[in-house]
Amino acid sequence: MNKRLSPWNLGATLYMPATRDDIADAVMLGKIPGLRSLVICLEDAVSEADIPVALANLGRLLQELNECRCAQGNQDWPLVFIRPRNTEMGKWLTEQYDLSAIDGFVLPKFTLNSLPIWWCFMGGTHLCMMPTLETEDVFDVVQMRELATTLINHPCHERIIALRIGGNDLMNVVSLRRPRDLTLYDSPMGYVIKMLVSVF
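Residues numbered from 1 in each chain as written. Predicted model: local features only at pLDDT ≥ 70, side-chain atom pairs only at ≥ 80, totals over all residues. Heavy atoms only, no water.

(A) Structural context of a negative patch on the surface. A cluster of acidic side chains, namely Asp-21, Asp-25, Glu-64 and Glu-67, defines a negative patch on the protein surface. Secondary-structure assignment places Asp-21 in the loop between strand E1 (14-17) and helix H1 (23-28). Taking relative accessible area as the criterion, Asp-21 reaches 71% and is therefore assigned exposed. (Patch = residues over 30% accessible without salt bridge, like charges linked within 9 Å, V, L, I, M, F, W, Y side chains within 5 Å. Areas by Shrake-Rupley, 256 points an atom, 1.4 Å probe, with all protein chains shown as cover. Salt bridge = Lys/Arg side-chain N within 4 Å of Asp/Glu carboxyl O. Lys, Arg positive; Asp, Glu negative; His and termini not counted. Charge placed at Lys NZ, Arg CZ, Asp CG, Glu CD. Helix = DSSP H or I, 4+ residues; strand = E, 2+ residues; numbered from the N terminus. Buried < 20%, exposed > 50% of the residue type's maximum accessible area, 1.4 Å probe, protein only.)

Listed below in structure tokens is the structure:
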């Protein structure tokens, strides 16, 4: 992993729906001062009905980014990730698009069972991985230990730039909402976050 692809370079990651038409400006022109990483989201931020529009918009964006990267390089860009909707979409993206200008994928609802599926089509690419822990098994410390042990010994280990915690999804699993006056750390998720930090 090169120096650009360091977890310390992520900063506060901004999620942008793939339907937006100003993503290129945010990446290439520094439209958002101080932005260090962004995720082009095809999952929660995009409705099922808007997926064709989002994919077409992403195709145009990738063409712009690839042309600019070839001409000027991307050292001054924020880190750029794509969040596919699922493994099927992730595979399709790697087959249909030139992802040279993309640094990696955010992997939604990542589990031990989905790891071999993601790795099957990402293993032969340059893409880094940011798995998101946001499913019911996250509450099971035994399953999380098994996942942590597997990741440490898996070839993907060097490609994981960070693990993300899907706080809202995890709250939904236990049918809770975060009160407006509390941070996620002050909610029941506080324990879960501490457990995950300890395990991983």
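(B) The packing of aromatic side chains, seen in detail. Summed over all chains, the structure comprises 2 aromatic pairs. An angle of 85 degrees between the planes, with centres 5.4 Å apart, marks the rings of Trp-92 and Tyr-97 as edge-to-face. Here Trp-118 and Phe-121 contribute two aromatic rings whose centre-to-centre distance is 5.7 Å and whose plane-to-plane angle is 55 degrees, an arrangement assigned as tilted. Note that Trp-118 and Phe-121 are positioned in helix H4 (residues 115-122) at a spacing of 3 residues, about one turn of the helix. Trp-118 sits in the buried class, given a relative accessible area of 1%. Taking the relative accessible area as the measure of exposure, Phe-121 reaches 11% and is therefore buried. (Phe/Tyr/Trp six-rings, centres within 6.5 Å; stacked < 30°, edge-to-face > 60°.)

(C) Seen up close, the environment of Asn-66. Mapped onto the elements, Asn-66 comes out in helix H2 (residues 51-72). Expressed as a C-alpha distance, the spacing of Asn-66 and Leu-99, which sit 33 residues apart in the sequence, is 8.0 Å. Discounting residues that sit within four places of it in the chain, Asn-66 has contacts with Asp-98, Ser-100 and Ala-101. Within polar-contact distance, the side chain of Asn-66 engages the backbone nitrogen of Ala-101 at 3.2 Å. (Contact = heavy atoms within 4.5 Å. Polar contact = N/O pair within 3.5 Å; in protein donor to acceptor, adjacent residues only side chain to side chain.)

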